[in-house]
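So the chains spell out like this:
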Amino acid sequence: MFGYYLQLAVRSFARNKALTALMVLTIAVGIGATMTTLALYFVLSGDPIPGKSRQLFYPQLEPRSLGKDATLDADPLKQMSRYDAEELLRQKRGDRQAVMSAGSVTVMPAGDAAQPFRVRARYTSADFFPMFEVPLAAGNAWSGNDDEARSLVAVIDRKLAGRLFGSADPIGRNLALPQGTFRIIGLLGDFKPTPRFYDLTSQRYGGDEQVVLPFSSSRALKLDTQGNMQCWAASDDGEGNRSLNAPCAWLQYWVELDTPQKARDYLKYLADYSDTQRANGRFERPTNVRLHDVMGWLDFNRIVPNDVRLQMWLAFGFLLVCMINTVSLLLAKFLRRAGEIGVRRSLGASRLDIFKQCLTEAGVIGLAGGALGLGFAAFGLWLIRQQPDEYAKLAHMDGTTLWLTFVLAVAVSVIAGLLPAWRAMQVPPALQLKSQ
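Reading guide: rules and limits
Residues numbered from 1 in each chain as written. Predicted model: local features only at pLDDT ≥ 70, side-chain atom pairs only at ≥ 80, totals over all residues. Heavy atoms only, no water. Disulfide = S-S within 2.5 Å. Helix = DSSP H or I, 4+ residues; strand = E, 2+ residues; numbered from the N terminus. Polar contact = N/O pair within 3.5 Å; in protein donor to acceptor, adjacent residues only side chain to side chain. Contact = heavy atoms within 4.5 Å. 1 Å grid on protein atoms, 1.4 Å probe; cavity = no way out; pocket = protein on both sides within 12 Å on 5 of 7 lines; lining within 4 Å. Points joined across faces, edges and corners; volume = space filled by probe spheres on them. Nonpolar A, V, L, I, M, F, W, Y, C, P; charged D, E, K, R; others polar. Patch = residues over 30% accessible without salt bridge, like charges linked within 9 Å, V, L, I, M, F, W, Y side chains within 5 Å. Areas by Shrake-Rupley, 256 points an atom, 1.4 Å probe, with all protein chains shown as cover. Salt bridge = Lys/Arg side-chain N within 4 Å of Asp/Glu carboxyl O. Axes fitted to C-alpha atoms, helices over the stretch in contact; angles between N-to-C directions. Parallel < 35°, antiparallel > 145°, perpendicular 65-115°, else oblique. Left-handed = near helix turned anticlockwise from the far one by under 90°. Buried < 20%, exposed > 50% of the residue type's maximum accessible area, 1.4 Å probe, protein only. Pairing = 2+ DSSP bridges.

A. Layout of the state of the cysteines. Tallying each qualifying case throughout the model produces one disulfide. For C231, the disulfide goes to C248, at an S-S distance of 2.0 Å. An S-S torsion of about 105° defines the bridge between C231 and C248 as right-handed. With a gap of 17 residues between them, C231 in strand β11 (residues 230–231) and C248 in strand β12 (residues 248–256) connect regions that are remote in the sequence.

B. Structural context of the side chain of R82. Turning to its location among the elements, R82 is positioned in helix α3 (residues 82–91). Among the polar contacts listed, one links the side chain of R82 to the side chain of E86, at a separation of 2.8 Å. Contact partners of R82, with chain neighbours within four places excluded, come to F215, R219, R242, S243, L244, C248, W250 and L251.

C. Seen up close, the layout of surface pockets. Space inside the largest pocket adds up to approximately 460 Å³. What lines the largest pocket is a set of 17 residues, among which L89, S125, G144, D147 and E148 lie closest to the centre. Listing elements by their share of the lining of the largest pocket, those giving two or more residues are α3, β3 (96–107), α5 (144–149) and α7 (215–220). Here the lining of the largest pocket takes four residues from α3, the largest share from any one element. Among the residues forming the lining of the largest pocket, the class breakdown is four nonpolar, four polar and nine charged. Volume-wise, the second largest pocket comes out at about 390 Å³. Contributing to the lining of the second largest pocket are 23 residues, with G189, F191, K192, D208 and E209 lying nearest its centre. For the lining of the second largest pocket, the elements supplying multiple residues, two or more each, are α4 (128–131) and α6 (158–165).

D. Inspection of a nonpolar patch on the surface at higher detail. Among the surface-exposed residues, L25, V29, F318, V321, L372 and F376 lie close enough to one another that they form a single nonpolar patch of about 460 Å² accessible area. If you list the elements that add at least two residues to the nonpolar patch, you get α2 (17–45), α10 (306–336) and α12 (351–385). Its location among the elements puts V321 in helix α10.

E. Main features of the packing of α3 against helix α8 (residues 260–279). Here α3 crosses α8 at 125°, and the two axes come no closer than 13 Å. In terms of orientation, α3 lies oblique with respect to α8. Both α3 and α8 take part in a crossing whose hand is right-handed. Across the interface between the two elements, Y83, D84, E87, L88 and Q91 from α3 touch Y266, Y269, L270, Y273 and Q277 from α8.

F. Representation of the pairing of strand β6 (residues 153–156). What you see with β6 is no split at all: V153 and V155 on one side and A154 and I156 on the other are buried throughout. The pairing of β6 with strand β8 (residues 180–188) spans four bridges and is parallel. Following the sheet pairing, I156 is matched in β8 by L187. The sheet contact formed by β6 and strand β9 (residues 211–214) spans two bridges and is antiparallel. Each bridged residue has a counterpart across the sheet, and for I156 the counterpart in β9 is V211.

G. Local environment of the side chain of S151. Along the chain, the position of S151 falls in the loop between α5 and β6. A relative accessible area of 17% means that S151 is categorised as buried. Those residues in contact with S151 that lie beyond four places of it in its chain are D146, P214 and S217.

In structure tokens form, the structure reads like this:
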């Protein structure tokens, strides 16, 4: 019977080409606008490290002095001071832990003709690689002993390796910086989590880091850092705001805990640590600690821009308007065929048969609208990629978006066809035959 309903739908479309085209276009425009914003929302709000997002946690402490506005700060600082980060790292109360900061270094290529150039860097500790499942195309990462020894070792990406050494193997070669020469021990694979959850203080989307260096070595050489910094007093030790005892928060700190009980124990440990530091005179404010997993940390930082959320809801509202218009068009289309429906009823077709036929027509219109809407969505995502926003270049259509487009289009058209189909099945056959 479904094949028969399809034949009737095709014949009906041929008789009302303009009306059919208008309904297909209405659905396509609504689906295209909705899927454009929905695809972008999926990209920005997705899990950047599936499988481990519930095991990686971002601790927060409150190290600031009381000050005049202490009562206005409900949340602790988003970053950690160097003293606290290195102390938590030393105590090793998690399964793994990593301290890190963004930075930039000046690379000095071999040869007199080559000019030095700047690249983005990441300063971190050894557990960074297994914690965040950073792939290595060649070589290996450094160990905890290298952190303690402040070894001059580096892991670089393929782009930098090609720029420095061409097609030659970079492992074992030197990376020359003005502050010292590092030995390359690893080559990064493809590591581009979206969003860049491990450091939301600089570039949240994209931002390739071409060099990864031990944090301890970066501090020994006083390499340049990047990112936000918040200080609550002046540093007087002569080494600036990034010294060990500087009253400034500028580091990101992550810990891996593989069970919920360990997470609860670690939160208590943070509270105990805060109490101890207050007793020692370092902390002045009341204990205020947090422990967010990856998705909780993204939500806390409102990683999806407000304008993207607003555009998505506006697109759904526009889709609702398109669906209401489709209801009106389908209603006009089906009731115009009241005579045909009356003949079919008099020949033995039940009300349910009429209802199924009308919903089949609505579904076919939805499929056609989905196909056209897919093109509109692709065009809309291309327009977004032309924008200057840092997340714009991530707008793309994946397999999920593809099938969801057709599912949503058919669902919208079928829902829109319920009322017209119900009205069509109520047509009295005797009255229609008499009028004919």
